[in-house]
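Coordinate analysis (summary)
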Amino acid sequence: MPDRNADYLIIGGGIAGTTAAETIRSRDKDGSIVIVSAEPYPLYSRIMLSKRGFFLGQIPEDRIWLKTKEWYKQNDILLLAERSAVSLETKEQTITLDDGEIIEYKKLLLAVGSRPNKLNIPGTEKNGIYSMYTLNDARKIIGSANTAKKAVVAGGGFIAFEMCDLLRKKGLEVTLIMRKDKLWSKTLDDNGWHIIEQAILAGGVKLIKNDGAAEILGDSAVAAIKTKNGNETQCDLFIAGIGINCPTEPFMSAGISCDKGIITNEYLETNVSNIWAAGDAAEFFDTMTAEKTQTINWANAQGQGRIAGINMTGGRELFQMTTSFTSGGFGITIATVGNIYPTPPFETDCQKPTENNFTQTISKNGKISGAILINNNKEISAITQKISGTINAKM
């Protein structure tokens, strides 16, 4: 027998799950809604954690909160914090949580988000080793950075870029270890990387290319990072930004189709009736590119949460949205629009770069799927329209 029943059960208390709950409540005033969240907190802005205002203490911490505990009560939404799903029974329509509680659902949304890839090297148990993902992660990194002198960051994307900038602003010596010869190596053109690299170097960061962390040296705390190529770099703070993965295990074993994420159609429905997925974990069918896509950004997760909430309450609405993400550091801004990692083969086209501006579009079958912009945010709207309208790729 189940311990609890829910008309709408949402696994994941982030922006996708919370937006879905809010949308459901606006359309169904009486149905019971339960959110299961691994976080101990109500919804907060995760994207602010690696931004200058929060990290450098320029804004108060309470600015990150997007929902209060009272909001859940006022909307008759039960938030089960610090809990996670460990198994799913699709026939019985039940979810078992990590504390053994069984919840029976009528409609289920899997908005489980993503999690940082773990380093599988000796020494990860030492103090001073972090990933930047949750509020608690950010608090620990900020506390450590207040006393640390030297930091090493490993990674090839936005988290690595932003953390290097923020640690330099805190006065630390910073070394960035990259597995390839540039950030965003799967897509970014060399001309675009040149602008970013020059900004990073001018900001005082040492770059180690085509290498990776092999061992964390030190006694109880990190003292140095040894790389696969044999380099040793001293540090008292190490941040791993080596990508993310989605926690699909409990759902795949129950028969939910999964690949990199939880596979859905354009309505965010999984292959099992009464189960939807949204947010970072959703590998959805993108009608604009006619292929399955996994888009990891805040706006996408929020948009999918809204569509999932509509469709879980009897609607039938496509998810069709082109989102963008903007990051800043070292005096430059970097923006991505749409899907910059379509399934190969794909084509890239670059406008003639200037000294500090760069635009690169990524196309699939003659249609733009995404773009990378450096110091060129004014182009975001036009490119978004081109992607949404599937206009011919040539700009």
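Here is what the cut-offs are and how they apply
Residues numbered from 1 in each chain as written. Predicted model: local features only at pLDDT ≥ 70, side-chain atom pairs only at ≥ 80, totals over all residues. Heavy atoms only, no water. Helix = DSSP H or I, 4+ residues; strand = E, 2+ residues; numbered from the N terminus. Rg over C-alpha atoms; globule rule 2.2 N^0.38 Å. Buried < 20%, exposed > 50% of the residue type's maximum accessible area, 1.4 Å probe, protein only. Contact = heavy atoms within 4.5 Å. Areas by Shrake-Rupley, 256 points an atom, 1.4 Å probe, with all protein chains shown as cover. Lys, Arg positive; Asp, Glu negative; His and termini not counted. Charge placed at Lys NZ, Arg CZ, Asp CG, Glu CD. Pairing = 2+ DSSP bridges. Axes fitted to C-alpha atoms, helices over the stretch in contact; angles between N-to-C directions. Patch = residues over 30% accessible without salt bridge, like charges linked within 9 Å, V, L, I, M, F, W, Y side chains within 5 Å. Salt bridge = Lys/Arg side-chain N within 4 Å of Asp/Glu carboxyl O. Arc of directions from axis to C-beta. Expected span 1.5 Å × (residues − 1). pLDDT = per-residue confidence, 0-100. Core = buried A, V, L, I, M, F, W, Y, C linked by side-chain atoms within 4.5 Å.

1. With respect to the overall build of the chain
When its secondary structure is counted, the chain shows nine helices and 25 strands. Against the 2.2 N^0.38 benchmark of 21 Å for 395 residues, the chain shows a C-alpha radius of gyration of 22 Å, consistent with a compact globule. Looking at the 395 residues of the chain, the share that counts as buried comes to 53%. Counting contacts in the chain only where the partners sit at least 6 residues apart, residues at least 24 apart contribute 61% of the total. Accessible surface computed for the chain: about 17,500 Å², of which carbon and sulfur atoms make up 47%. A gap of 4 Å separates the mean positions of the 43 positive and 44 negative side-chain charges of the chain.

2. Details of unusual backbone geometry
Here the amide bond leading from P344 into P345 is cis, since omega sits at 0 degrees, within 30 degrees of zero. Of note, P345 is situated in the loop between β22 (332-338) and β23 (347-350). Not every positive phi belongs to a glycine, and F330 is a case in point at roughly 55 degrees. Mapped onto the fold, F330 is located in the loop between β21 (324-329) and β22. Phi at N375 is positive, roughly 50 degrees, even though this residue is not glycine.

3. A few points about the sheet that holds strand β17 (residues 262-263)
The strand order β17-β19-β20 describes an open sheet built from three strands, whose pairing is mixed. Single-partner strands in this sheet number two, and they are β17 and β20 (291-293). Inspection of the sheet shows β17 paired to strand β19 (residues 282-286) by two bridges, in the parallel sense. Looking at β19, one finds that I262 is bridged to A282.

4. Quick notes on the sheet that holds strand β24 (residues 358-364)
If you trace the five strands from one edge of the open sheet to the other, you get β21-β22-β25-β24-β23, paired in antiparallel fashion. The strands lining the two open edges of the sheet, one partner per strand, are β21 and β23. Across the sheet, the axes of successive neighbouring strands diverge by a mean angle of 15 degrees, strand direction being ignored. Pairing of β22 with strand β25 (residues 367-374) involves five bridges; the strand directions are antiparallel. When the bridges of β25 are listed, G338 appears paired with G370.

5. Quick look at a positive patch on the surface
Taken together, R179, K180, K186, K228 and K260 make up a surface patch of like positive charges. In this fold, R179 is placed in the loop between β10 (173-177) and α6 (190-202). Judged by its relative accessible area of 60%, R179 is exposed.

6. Topic: helix α9 (residues 380-388)
One turn of the α-helix equals 3.6 residues, which is why residues spaced by three or four share an orientation. Buried within α9 we find I380, I383, T384 and I387. In an axial view of α9, the angular spread of the buried residues amounts to 105 degrees, which keeps them on one side of the axis. Here the buried face of α9 lies against β21, β22, β24 and β25.

7. Some details on helix α1 (residues 15-27)
For α1, built from 13 residues, the straight-helix expectation of 18 Å at 1.5 Å per residue is met to within 8% by its first-to-last C-alpha distance of 18 Å. Among the 13 residues that make up α1, ten are buried, leaving the element largely enclosed by the rest of the structure. For α1, the set of buried residues is I15, A16, G17, T18, T19, A20, A21, T23, I24 and R25. Residues of α1 that are buried in the fold lie against β1 (4-11), β2 (33-37), α3 (69-74), β3 (77-81), β6 (102-110) and α8 (298-312).

8. Considerations on the confidence of the model for the chain
Chain-level pLDDT for the chain is 95 on average; 98% of the residues reach the 70-or-more range. A low-confidence stretch, residues 390-395 stays under pLDDT 50, and its non-local contacts, those more than four residues away or across chains, total 18 contacts.

9. Notes on the side chain of D28
Tracing the backbone through its elements, the reader meets D28 in the loop between α1 and β2. We note that D28 is buried and unpaired, the nearest opposite charge coming from R25 at a distance of 4.7 Å. What D28 contacts, discounting residues up to four positions off in sequence, is Y8 and T313.

10. Some details on the nonpolar core
Core analysis: the largest hydrophobic core is formed by 49 residues, its most contacted members being F161, L167, L176, I196, I200 and L237. The element best represented in this core is helix α5 (residues 158-169), accounting for seven residues.

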